[in-house]
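# Examination of the molecular architecture
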Amino acid sequence: VTALRRCTTIGSLRGAVAQARSEGASIGFLPTMGALHEGHLEGVRLLAARCDVVVVSIFVNPTQFDRADDLAAYPRDLPADEAALAALALDVPLLVFAPEVAELYPTEPRTTVHVSDLTEVLEGAARPGHFDGVATVVTKLVNIVAPDVIAFGRKDHQQLQVVRRMFDDLDVDVEVLEIPTVREADGVALSSRNRRLDDDDRRAARALSRSLLAAVRAARTLRSAGGRHDAAELERAARTVLDATPVEVEYLAVVEPATLRPPDGVTEGPLTVAVAAYVGSVRLIDNVLVGDLDDEGRLLAAADRDDTEV
Ligand code: PAF
């Protein structure tokens with residue numbers, strides 16, 4: 001099993017990191033809100049292959065929740081998270097940073113980090129204040145851990161673009177590592193929120209990845225006919241799937257990956273298809289980077305495995 005040490009205060013985490021640095025260690029960092037799943041664990045493995053020490057923060061950040069019920073219902077299980085990390089059998093030591101809310105926010109938030117433009121669409125439009133909460137806590141965590149490499153999941157595509165922009169604009173000297181989206185056998189993207197789905201909702205949750213798969217197939221049809229990516233056509237393909245399911249769609253969008261804005265006409269470049277939907281009372285998001293053969297492949301592989309596909 002992996003050597004694991006838990007720190008709950010900023011001071012003790014800083015001390016442990018300083019000790020490792022004094023021995024010449026490089027530091028990898030995965031910020032999480034716990035309820036760890038294979039996507040997180042893949043991130044830890046990728047960091048462990050690159051760095052001498054990996055820090056995993058486990059902190060359900062209240063300032064990024066726009067709804068109190070969602071914050072209250074967010075799954076929390078620190079012992080299970082630590083057991084999953086310890087079972088990874090890594091040859092680098094892990095530091096788990098699991099502070100209480102009062103440790104990171106001893107006062108009401110007074111200073112916040114706001115990234116403009118990128119945060120006005122998609123998740124930002126649907127969840128007011130969400131990205132201020134994310135940008136602020138990521139800034140605090142990066143200042144506490146001071147990592148060489150920080151990892152974020154591609155499932156939160158917009159979050160990834162927002163933190164990249166923030167690091168760039170604020171001259172934060174850290175390398176960003178992207179964790180590919182890990183999917184269940186039937187294509188559903190892993191998410192801590194999946195734990196809240198009952199059996200019927202879990203089946204209904206397939207609507208999101210299947211709609212993305214329809215967009216991927218439409219893109220491949222266009223490309224094999226020598227055509228380019230037509231956002232309207234991709235959206236139509238995805239929407240047809242969603243319309244036939246019981247999920248309540250909040251948005252479905254086809255955007256340029258870096259700007260998050262709709263493309264100007266057809267394009268040869270990659271496009272992000274992003275979806276957010278309520279499945280019962282649980283809000284889920286998913287996306288695919290059309291034109292990225294690995295990302296497309298993960299959806300296509302799930303479709304091949306999923307013999308119940310409609
Ligand atoms: O992606 C998440 O789990 C959170 O948004 C993050 C980056 C840990 C900030 O709280």
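Throughout this description, residue numbers start from 1 for each chain and increase along the sequence as written. Where totals are concerned, whole chains, interfaces and linings use all residues; where local detail is concerned, this predicted model gives features only for residues with pLDDT of at least 70, and gives and counts side-chain atom pairs only at 80 or more. Note that the side-chain values use all heavy atoms of the structure and ignore hydrogens as well as water.

## Description of the overall build of the chain
Just so we agree on the cut-off: Labels follow the DSSP assignment, with helices taken as runs of H or I lasting at least four residues and strands as runs of E lasting at least two, numbered in each case from the N terminus. All radius of gyration figures rest on C-alpha atoms, and the globule criterion is 2.2 Å times the number of residues raised to 0.38. Per-residue accessibility, obtained with a 1.4 Å probe over protein chains only, is compared with the maximum for each type, and a residue is labelled buried under 20%, exposed over 50%, and partly exposed between these values. Between two residues, a contact is recorded if the distance between any of their heavy atoms is within 4.5 Å. Using the Shrake-Rupley algorithm and a 1.4 Å probe, accessible areas are obtained, with residue cover drawn only from the displayed protein chains. Charge assignment: positive for Lys and Arg, negative for Asp and Glu; neither His nor the chain ends contribute. Each charge is placed at NZ for Lys, CZ for Arg, CG for Asp and CD for Glu.
Secondary structure assignment for the chain yields 12 helices and nine strands. Compactness check: the chain gives a C-alpha radius of gyration of 20 Å against a globular reference of 19 Å for 310 residues, within 12% of the reference. With the C-alpha coordinates of the chain rotated into their principal frame, the extents come out at 60 × 40 × 40 Å. Residues counted as buried form 54% of the 310 residues belonging to the chain. Nonlocal contacts in the chain, meaning residues at least 24 apart in sequence, comprise 73% of its contacts between residues at least 6 apart. For the chain, the computed accessible surface area is about 13,800 Å², with 49% contributed by carbon and sulfur atoms. Each charge sign in the chain was given a centre, from 33 positive and 50 negative side chains, and these centres are 1 Å apart.

## Looking at helix α7 (residues 130–145)
An α-helical segment advances 3.6 residues per turn. Residues three or four places apart therefore align on the same side. To keep it simple, the criterion reads: Multiplying 1.5 Å by the helix residue count minus one yields the expected span of that helix.
Between its first and last C-alpha atoms α7 spans 22 Å; for 16 residues at 1.5 Å apiece the expected length is 22 Å, and the two agree. Burial analysis of α7 places 12 of its 16 residues in the buried class, the great majority of the element. Within α7 the residues assigned to the buried category are H130, F131, G133, V134, A135, T136, V137, V138, L141, V142, I144 and V145. Note on α7: the residue one or two positions beyond its end, A146, has a positive phi of about 50°.

## What about unusual backbone geometry?
Positive phi values are uncommon outside glycine, yet A35 reaches one of about 50°. Positive phi outside glycine occurs at D171, with the angle close to 55°. Locating D171 in the fold gives a position in the loop between α8 (157–169) and β6 (175–179).

## Quick look at the site of the ligand
We apply this condition: What makes a residue near a molecule or strand is one non-hydrogen atom of that residue sitting within 4 Å of it. Any pair of N or O atoms that falls within 3.5 Å is considered a polar contact. Within protein, one atom must be able to donate a hydrogen and the other to accept it, and sequence-neighbouring residues count only if both atoms are side-chain atoms. Charged residues are taken to be Asp, Glu, Lys and Arg, nonpolar residues to be Ala, Val, Leu, Ile, Met, Phe, Trp, Tyr, Cys and Pro, and polar residues to be all remaining types, Gly included.
As a matter of local geometry, the ligand sits amid P31, T32, M33, N61, Q64, V137, F152 and Q159. Between Q159 and the ligand, the recorded distance is 2.7 Å, taken from a side-chain N or O atom to an oxygen atom. Burial of the ligand by the surrounding chains reaches 89%, relative to a free accessible area of 290 Å². Grouping the amino acids of the shell around the ligand by side-chain chemistry returns four nonpolar, four polar and no charged.

## Digging into the nonpolar core
General note: in soluble globular proteins, nonpolar side chains tend to be found buried as a group. In plain terms, the rule: The set of buried Ala, Val, Leu, Ile, Met, Phe, Trp, Tyr and Cys residues whose side-chain atoms join them within 4.5 Å is what this entry labels a nonpolar core.
In this structure, L13, V55, F97, L104, V138 and F167 are the most contacted members of the largest nonpolar core, which totals 46 residues. Looking at this core element by element, the count peaks at nine residues for α7. Here F167 is in contact with V138, V142, I150, F152, V172, V174 and V176, once residues within four sequence places are set aside. Residues A214, L234, L252 and V282 belong to the second largest nonpolar core, which totals 34 residues.

## Topic: the packing of aromatic side chains
For clarity, the threshold we go by: Here a Phe, Tyr or Trp ring, Trp counted by its six-membered ring, pairs with any other such ring whose centre lies within 6.5 Å, and the pair is stacked when the planes are under 30 degrees apart, edge-to-face when over 60, and tilted otherwise.
Considering all chains together, one arrives at two aromatic pairs under this definition. Plain terms: the ring middles of F59 and Y105 are 6.2 Å apart, the flat faces sit at 40° to each other, and that makes the pair tilted. Of this pair, F59 sits in the loop between β3 (53–58) and α3 (68–73) while Y105 sits in the loop between α5 (101–104) and α6 (123–126), and the two are 46 residues apart along the sequence. Look at F59 and you get buried, because its relative accessible area is 5%. Measuring from centroid to centroid gives 5.6 Å for F65 and Y74, while their planes differ by 75°, and the two rings are edge-to-face. The pair F65 / Y74 is uniform in exposure class, with both members buried.

## Comments concerning the side chain of Q159
Its location among the elements puts Q159 in helix α8. Not counting the four nearest positions on each side in its chain, Q159 is found in contact with F131, V134 and F152.

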